[in-house]
Amino acid sequence: MSDTYVTDTLIAEDIDAYLVQHQHKDMLRFITCGSVDDGKSTLIGRLLYDSKMIFEDQLAALEDASKVSGTQGQDIDFALLVDGLAAEREQGITIDVAYRFFNTEKRKFIVADCPGHEQYTRNMVTGASSADAAVILIDARKGVLVQTRRHTYLCHLLGIRHLVLAVNKLDLVGYDQVVFDAIVADYVNFAQAIGISEFTAIPISGFKGDNITSLSPHTPWYSGPTLIEHLEQVEIDGTREAGQAFRMPVQWVNRPNLDFRGFAGLIASGTVKQGDAVRILPAGTTSTISRIVTLDGDLDEAQAGQSVTLCLADEVDCSRGNVIAAASAPPEVADQFEASLVWMSDEALIPGRGYWLKLATQSVSATVKPPKYAINVNTLEHLAVKTLELNAIGVVELTTDKPLVFEPYAQSRTLGGFILIDKLTNATVAAGLINFSLRRAQNVHWQALDVSREAHAAMKHQQPAVLWFTGFSGSGKSTIANLVEKRLHALGHHTFLLDGDNVRHGLNKDLGFTETDRIENIRRVGEVTKLMSDAGLIVLTAFISPFAAERDMVRAMVPPGEFVEVFVDTPLAEAERRDVKGLYKKARAGTLKNFTGIDSPYEVPLRPELRVDTTSESPEAAAERIVDYILGARSEAWMPTI
Amino acid sequence: MELLRFATGPADASGPLRKTMTTSLTHLQRLEAEAIHIMREVVAEAERPVMLYSVGKDSAVMLHLARKAFYPSPPPFPLLHVDTTWKFQEMYRLRDQMAKDSGMELLVYQNPEAKARGINPFDHGALHTDMWKTEGLKQALDQWQFDSAFGGARRDEEKSRAKERIFSFRTTSHGWDPKNQRPELWNVYNARKHKGESIRVFPISNWTELDVWQYIQLEDIPIVPLYFAAPRPTVERDGMLLMVDDDRFPLAPGEVPQMRSIRFRTLGCYPLTGAVESTAATLSEVIQETLLTTTSERQGRAIDKDAGGAGMELKKQQGYF
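Attention shifts here to the overall build of chain B. Helix and strand counts for chain B come out as nine helices and 10 strands. The proportion of buried residues among the 321 residues of chain B is 60%. Excluding contacts between residues fewer than 6 apart, the proportion of contacts in chain B whose partners are at least 24 apart in sequence is 73%. Within the structure as shown, chain B displays about 12,700 Å² of accessible surface, and the carbon and sulfur contribution to it stands at 51%.

Here we take up the overall build of chain A. Counting its regular elements, chain A contains 20 helices and 28 strands. With 642 residues in all, chain A has 58% of them scored as buried. Counting only contacts in chain A whose residues sit at least 6 apart along the sequence, the fraction spanning at least 24 positions is 72%. Element-wise, carbon and sulfur atoms account for 53% of the exposed surface of chain A, whose accessible area totals about 26,000 Å².

This paragraph deals with helix α6 (residues 126-144) of chain B. All names here are of chain B. For α6, built from 19 residues, the straight-helix expectation of 27 Å at 1.5 Å per residue is met to within 8% by its first-to-last C-alpha distance of 26 Å. At G136, α6 shows its maximal bend, which comes to roughly 35 degrees. Inspection of α6 places H128, T129, M131, W132, T134, G136, L137, K138, A140 and L141 among the buried residues, and these make up the whole buried set. Looking one or two residues past α6, Q145 carries a phi angle of roughly 60 degrees, positive in sign.

Residue and element names in this part refer to chain B. Pairing is antiparallel across the open sheet formed by four strands, whose spatial order is β8-β7-β9-β10. With one partner strand each, in any of the chains shown, β8 (240-243) and β10 (276-277) form the two edges of the open sheet. By the bridge criterion, five bridges tie strand β7 (residues 230-237) to strand β9 (residues 258-263) in an arrangement that is antiparallel. By the bridge assignment, P233 is partnered in β9 with M259.

The next thing to look at is the nonpolar core. Across soluble globular proteins, you tend to see nonpolar side chains buried next to one another. Grouped together as the largest cluster of nonpolar side chains are 126 residues, with contacts concentrated most on I31 of chain A together with W207 of chain B. Of the residues that make up this core, three or more belong to each of domain 1 (3-235) and domain 3 (333-443) of chain A. Membership of the second largest hydrophobic core comes to 34 residues, among which are V323, Y355, A374 and L404 of chain A.

Residue and element names in this part refer to chain A. Of all five residues making up strand β25 (residues 495-499), four are buried, and the element is well covered by its neighbours. The pairing of β25 with strand β26 (residues 538-542) spans five bridges and is classified as parallel. Counterpart to T495 in the pairing with β26 is I538.

Attention now moves to the environment of R40 of chain B. With respect to the element layout, R40 of chain B can be found in helix α1 (residues 27-45). Remark: the alpha-carbon pair of R40 of chain B and A66 of chain B, spanning 26 residues in sequence, is separated by 8.8 Å. Here R40 of chain B is in contact with Q251, A264, G265, S307, V308 and T309 of chain A together with A69 and F70 of chain B, once residues within four sequence places are set aside. In terms of polar contacts, R40 of chain B uses its side chain to reach the backbone carbonyl oxygen of G265 of chain A, at 3.3 Å.

Moving on, we come to the interface of chain B and chain A. Listed as interface residues are 84 residues of chain B and, on the opposing side, 107 residues of chain A. Buried area between chain B and chain A, summed over both chains or domains, comes out near 8,200 Å², and the portion from carbon and sulfur atoms is 57%. Summed over the shared surface of chain B and chain A, the number is eight salt bridges. Residues K358 of chain A and E45 of chain B are paired through a salt bridge, measuring 3.4 Å at the closest nitrogen-oxygen approach. For the pair chain B and chain A, the interface holds 36 residue pairs in polar contact (both at pLDDT 80 or more). Of all the secondary structure elements, the ones that give two or more residues to the side of chain B that touches chain A are α1, α2 (57-70), α7 (209-219) and α8 (283-292) of chain B. For the side of chain B that touches chain A, the leading source of residues is α1 of chain B, giving 12 residues.

Turning to the environment of F70 of chain B, a few remarks are in order. Summarising the element assignment, F70 of chain B is placed in helix α2. Taking C-alpha positions, F70 of chain B is 8.5 Å from I36 of chain B, a pair spaced 34 residues apart along the chain. For F70 of chain B, the residues in contact, after removing those within four places along its chain, are W252 and N254 of chain A together with M39, R40, V43, P75, P76 and F77 of chain B.

On to the packing of helix α2 (residues 15-23) of chain A against α7 of chain B, then. How two helices pack is summed up by the angle between their axes together with the distance between the axes. Running from amino to carboxyl end, α2 of chain A crosses α7 of chain B at an angle of 105 degrees, the nearest separation of the two axes being 12 Å. It follows that α2 of chain A is roughly perpendicular to α7 of chain B by the angle criterion. For the pair α2 of chain A and α7 of chain B, the contacting residues are Y18, L19, H22 and Q23 of chain A in the first and L210, D211, Q214, Q217 and L218 of chain B in the second. When its residues are assigned to classes, the contact of α2 of chain A with α7 of chain B shows four nonpolar, four polar and one charged.

Quick look at the packing of aromatic side chains now. Tallying each qualifying case throughout the model produces 27 aromatic pairs over all chains. Judged by centre distance (5.1 Å) and plane angle (40 degrees), the ring pair of F472 of chain A and Y602 of chain A falls under tilted. Linking F472 of chain A in the loop between β24 (465-470) and α14 (477-490) with Y602 of chain A in the loop between α19 (583-589) and β28 (610-612), this pair joins segments that are 130 residues apart in sequence. Overall, Y602 of chain A belongs to the buried group, its relative accessible area being 13%. Taken together, the ring pairs in this structure connect W86, F88, F122, F249, F264 and Y270 of chain B into an aromatic cluster. Over the ring of F547 of chain A we find R353 of chain A; its NZ or CZ atom is 5.3 Å from the centre of that ring. Over the ring of W356 of chain A we find K423 of chain A; its NZ or CZ atom is 4.3 Å from the centre of that ring.

Once that is clear, we can look at the pattern of salt bridges. Residues and elements named next belong to chain A. Applying the stated criterion to the full structure yields 52 salt bridges over all chains. Where R161 meets E235, a salt bridge forms, and the shortest distance between an N and an O atom there is 3.3 Å. Of this pair, R161 sits in the loop between α8 (146-157) and β5 (162-168) while E235 sits in the loop between α10 (227-233) and α11 (237-241), placing them 74 residues apart in sequence. A salt bridge links D534 to K530, with the nearest nitrogen and oxygen atoms 3.5 Å apart. Placement of both D534 and K530 in helix α16 (residues 515-534) is noted, with a separation of four residues, approximately one turn of the helix. Taking the relative accessible area as the measure of exposure, K530 reaches 26% and is therefore partly exposed. Sharing partners across several salt bridges, the network here consists of D139, R141, K142 and K169.

The next thing to look at is the domain arrangement of chain A. Domain annotation for chain A reports domain 1 (3-235), domain 2 (240-326), domain 3 (333-443) and domain 4 (453-638). Domain 2 of chain A and domain 4 of chain A are separated by 47 Å when their C-alpha centres are compared.

The next subject is the sheet that holds strand β4 (residues 148-150) of chain B. All names here are of chain B. Taken together, the six strands give an open sheet; going across it, the order is β3-β2-β1-β4-β6-β5, and neighbouring strands pair in mixed fashion. Among the strands making up the open sheet, the edge pair consists of β3 (106-109) and β5 (167-170). Neighbour-to-neighbour, the strand axes of this sheet turn through a mean angle of 30 degrees, independent of strand direction. Against the sheet, α2 makes contact with β1 (49-52), β2 (79-82) and β4, and its axis sits at roughly 145 degrees relative to β1, the strand it touches most.

Further remarks concern the confidence of the model for chain A. Residues and elements named next belong to chain A. On average, residues of chain A score 87 in pLDDT, and 92% of them reach the 70 mark or higher. In this model residues 1-5 is a low-confidence stretch, pLDDT under 50, and it forms eight contacts with partners more than four residues away in sequence or in other chains. Across residues 442-448 the pLDDT falls below 50, and counting only partners more than four positions away or on other chains, this stretch makes two contacts in the model.

Do not read the predicted coordinates in detail wherever pLDDT is low. Residues and elements named next belong to chain B. Residue-level pLDDT values for chain B average 85, and 85% of them are 70 or greater. Note on residues 1-21: pLDDT under 50 across the span, and 41 contacts to partners over four residues away in sequence or across chains. For this predicted complex, the interface confidence comes out at an ipTM of 0.87, alongside a pTM of 0.78.

Conventions adopted
- Residues numbered from 1 in each chain as written.
- Chains lettered and ligands numbered in written order.
- Predicted model: local features only at pLDDT ≥ 70, side-chain atom pairs only at ≥ 80, totals over all residues.
- Heavy atoms only, no water.
- Helix = DSSP H or I, 4+ residues; strand = E, 2+ residues; numbered from the N terminus.
- Buried < 20%, exposed > 50% of the residue type's maximum accessible area, 1.4 Å probe, protein only.
- Contact = heavy atoms within 4.5 Å.
- Areas by Shrake-Rupley, 256 points an atom, 1.4 Å probe, with all protein chains shown as cover.
- Expected span 1.5 Å × (residues − 1).
- Bend = angle between axes of the 7 residues up to and from the residue.
- Pairing = 2+ DSSP bridges.
- Core = buried A, V, L, I, M, F, W, Y, C linked by side-chain atoms within 4.5 Å.
- Domains from an automatic or database assignment.
- Polar contact = N/O pair within 3.5 Å; in protein donor to acceptor, adjacent residues only side chain to side chain.
- Buried area = accessible area lost by both parts, 1.4 Å probe.
- Salt bridge = Lys/Arg side-chain N within 4 Å of Asp/Glu carboxyl O.
- Axes fitted to C-alpha atoms, helices over the stretch in contact; angles between N-to-C directions.
- Parallel < 35°, antiparallel > 145°, perpendicular 65-115°, else oblique.
- Nonpolar A, V, L, I, M, F, W, Y, C, P; charged D, E, K, R; others polar.
- Phe/Tyr/Trp six-rings, centres within 6.5 Å; stacked < 30°, edge-to-face > 60°.
- Lys NZ or Arg CZ within 6 Å of the ring centre and 35° of its normal.
- pLDDT = per-residue confidence, 0-100.

Structure follows, in structure tokens:
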């Protein structure tokens with residue numbers, strides 16, 4: 001590197017001067033991406049080597065390893081330096097992102113080396129999500145490939161504004177300008193088609209070091225910046241965000257004693273000063289900043305990118321998940337969105353199922369509608385799809401159970417980017433980017449009701465409840481539920497029984513028996529159940545309801561303690577032996593599809609409030625026990641299930 | 001359609017947002033803010049967090065960041081030292097002092113089986129690290145039911161660390177599955193887990209050795225004096241310079257420890273930690289030496305050299321930090 005000598009001299013002769021210079025450097029995060037074997041890891045190895053970030057012992061180990069498993073003959077295989085996992089070195093491929101660090105006189109760099117295989121797209125997206133810039137490599141011999149397009153698309157989708165097209169391995173095509181120009185022309189077409197307005201193309205050889213830190217004598221026809229020169233002056237996103245309106249998602253409320261209440265968070269955008277008027281979202285209450293607290297003393301002013309603790313002048317309600325924002329320019333609040341999703345799980349998206357959605361510090365439950373379309377990143381075609389499989393990119397509409405404070409992703413990565421989490425496995429299944437809200441939550445005020453649910457219940461002299469019977473078809477749900485209702489009715493209680501078959505003749509007659517339709521069936525029943533319990537009724541439902549996620553979804557709709565899950569535990573063999581409606585016979589014969597227990601799964605309740613074993617307890621005895629629980633034990637001995 | 005611009009020189013030298021009233025933050029300011037954000041996320045979402053405290057310079061920085069993150073409250077979690085009984089005496093002294101100064105609870109765990117069997121670095125080789133550190137850590141986390149543990153590991157230390165997420169997920173048996181890491185988007189961390197599973201969290205993942213040193217200097221953070229050169233009693237073993245820190249060190253018949261001016265780049269068990277000959281007695285001199293050296297920080301550590309270049313990865317899969 002051309003300035004290495006200067007730096008080394010400074011370190012050796014005046015370390016304190018060097019440290020002052022280093023201390024004031026800013027930091028650029030960038031990724032290297034592109035197709036397999038386009039030389040990403042080699043380029044990073046080169047950058048580290050040239051900036052003297054490889055030590056002698058590491059180099060010695062590398063030389064040994066290159067001879068054993070390298071792909072460069074007798075030369076050093078820099079890729080082995082970056083592929084840090086045993087499985088990667090074994091197979092000679094990059095599986096996961098590697099983070100590497102180097103600095104020049106002007107800047108410090110964090111580079112994330114992203115895998116090229118489509119199979120590992122989620123790891124590439126992990127690296128790209130926090131990058132300010134992307135270096136997209138192309139093998140000059142191969143030109144623009146499917147993965148080049150795919151990664152370009154993802155970089156653009158994730159909002160990386162600085163794209164570098166590094167046409168690599170130029171040494172292998174005789175440093176031919178014609179080859180370079182043809183590749184750039186080809187790339188321009190694709191870039192324009194997806195809305196990229198600007199990129200920088202540089203002809204390089206990562207292996208030989210051409211145009212990396214100094215202009216190469218082999219490419220006299222190129223007069224632009226070297227790769228490092230370019231990366232040294234790319235604008236960093238944090239700088240841009242500092243110029244926008246103030247927003248800080250609250251992470252944690254700091255209450256060491258009764259006299260102090262501070263709101264801790266990382267400022268997402270803008271600046272904040274003592275005395276600034278702020279608004280707390282989603283509530284919309286206003287206050288002013290009284291102090292900006294840090295261990296090093298109070299600050300007069302703080303800006304995007306700093307972690308601070310804010311105190312407010314008024315005793316307003318504010319907790320984790322709220323956003324403190326400039327009072328004059330607050331972000332929007334909504335509960336329905338259009339968003340782009342990158343699906344990252346082996347298990348495909350299930351429309352209608354509840355997922356946890358985490359956006360900044362807000363966590364809510366969200367359901368996704370069937371995708372509007374998926375995108376073929378090679379042809380940019382919109383594909384009609386019913387779901388999103390692993391690595392698919394699509395556009396969807398989603399609904400949250402509570403309003404979210406948000407901004408479109410194009411405006412704010414912090415308030416526009418979210419993840420979806422599977423409620424059962426806890427896996428991160430999707431990266432989401434909000435495009436816009438479908439309707440503003442401010443416009444859908446809940447109808448304020450003068451007669452409350454408590455008043456409804458008091459009139460009926462009872463505590464509302466939802467008795468949710470679940471179990472195989474023919475397990476005895478309806479029989480027992482009927483007995484329970486008769487008994488409660490006789491005791492003067494106000495009840496209503498919702499039965500699977502009855503609901504499907506009316507409210508849900510448009511639904512079939514696919515997984516998606518079954519989820520929607522339960523969701524609607526849940527909503528009706530909730531309204532009836534609001535009216536003060538004791539509601540009984542008898543649905544197979546095979547999925548835990550949907551039973552939990554209904555549980556979450558009603559106040560704690562009101563949902564009583566009754567697992568009618570009849571073994572499949574016994575239910576099939578009884579076969580009251582002759583359905584098992586049809587399912588076995590193949591004339592009835594998606595039948596629970598035969599070709600569709602049943603997820604056994606793990607912590608039901610009540611369990612009925614119909615092989616040892618009669619329906620009458622079970623009904624009696626359930627009534628006792630509802631009228632007695634539940635209200636006294638009810639404990640939250642965690 | 002707007003014309004595309006490529007290869008035409010500086011792309012961002014001008015632009016409406018280039019000049020704003022604010023100045024851009026330095027890399028250390030950004031790294032500090034990131035680490036604080038990570039710690040607060042853990043405290044907000046975990047049930048029982050703990051900070052692994054090894055008394056080294058990285059632990060010192062991590063503890064300092066924790067005090068900043070939660071000020072004016074003390075950090076709302078205890079410090080855990082998984083002790084091997086073979087650390088340097090000066091480390092034990094600083095450990096107790098720092099716990100006192102920070103107002104945090106200090107938990108010290110020593111694997112009772114390793115203690116009973118007298119496992120030591122001289123007689124038991126790799127078994128020493130395995131039983132005192134790996135097993136000791138797992139036992140300690142299980143005993144106190146910690147579900148999230150902060151560690152001071154950095155991605156620039158070692159090649160498998162360079163691949164690890166900031167929130168690194170562990171199974172009920174504390175194993176790491178490097179081929180199946182959770183995606184980690186932006187700074188939105190998924191801290192959800194099942195009972196018995198845990199998360200190792202590395203708030204200073206993106207710091208380099210130089211960053212750590214410079215931050216210690218700028219923030220005036222107390223560190224173990226062994227990082228600075230001084231005359232100390234030493235012997236040579238397998239090409240490594242070891243310090244004779246107490247009378248448990250087995251000397252050859254007639255062998256007398258030599259006084260040498262040495263210091264340490266990393267600190268672990270004293271019989272396993274190689275020293276470097278040095279005269280660097282101030283932070284500036286230490287940093288200068290670090291920058292001009294031609295060998296990596298972990299070069300003095302025996303642990304990385306096992307199992308054909310995959311030593312650390314293998315240890316992590318077994319539950320090592």
